[in-house]
Amino acid sequence: MTSPTDAPTQTLPAAQSFLGFGETTWVISALKLAEEGNHQVILRGYESTGNPTTLSLDSCLGLTDLVAVTLLEQPTSPMDTTGDRSLTLAPWQVTTVIG
């Protein structure tokens, strides 16, 4: 039988972000699990200042590449990607992505 003092010692980081978008003017308006898929997350939001921006996803959730989808969660035409977890957005663009 083990006691709580026998458990391995683990430390948590001083701070950790659940979900981050980098230095951006993108405003998240929805976050939900995808209807179909293997533990994928739907993010919906919009560029809020009328200026082009880059959305850079940083998350501790293990999200993969961002793919643009419709409101029915069907993939759309490819977006301008600048890496595996970032998208270039037009001014005022409403965006729904799955990751």
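First, a word on scope: everything that follows refers to the structure included in this document. Note that the structure is a prediction, hence the values are computed from the model and not measured.

**A look at the pairing of strand S9 (residues 94-98)**
With 4 of 5 residues buried, S9 is to be regarded as a mostly interior element. Pairing of strand S3 (residues 41-47) with S9, which is carried by 5 bridges, proceeds in the antiparallel orientation. Across the sheet, the residue bridging to Leu 43 is Val 97, located in S9.

**Structural notes on the pairing of S3**
Across the 7 residues that make up S3, a large majority, 6, are buried. Of the pairings in the sheet, the one linking strand S2 (residues 26-33) to S3 comprises 7 bridges and is antiparallel in character. By the bridge assignment, Ala 30 is partnered in S3 with Arg 44.

**What to know about the pattern of salt bridges**
A complete count under the given rule lists 2 salt bridges for this structure. Notably, a salt bridge pairs Glu 35 with Lys 32, separated by 3.2 Å at the nearest N-O pair. Its relative accessible area of 64% is what places Glu 35 among the exposed residues. Residue classification places Lys 32 among the partly exposed residues on the basis of a relative accessible area of 31%.

Thresholds, definitions, all that
- Residues numbered from 1 in each chain as written.
- Predicted model: local features only at pLDDT ≥ 70, side-chain atom pairs only at ≥ 80, totals over all residues.
- Heavy atoms only, no water.
- Buried < 20%, exposed > 50% of the residue type's maximum accessible area, 1.4 Å probe, protein only.
- Helix = DSSP H or I, 4+ residues; strand = E, 2+ residues; numbered from the N terminus.
- Pairing = 2+ DSSP bridges.
- Salt bridge = Lys/Arg side-chain N within 4 Å of Asp/Glu carboxyl O.

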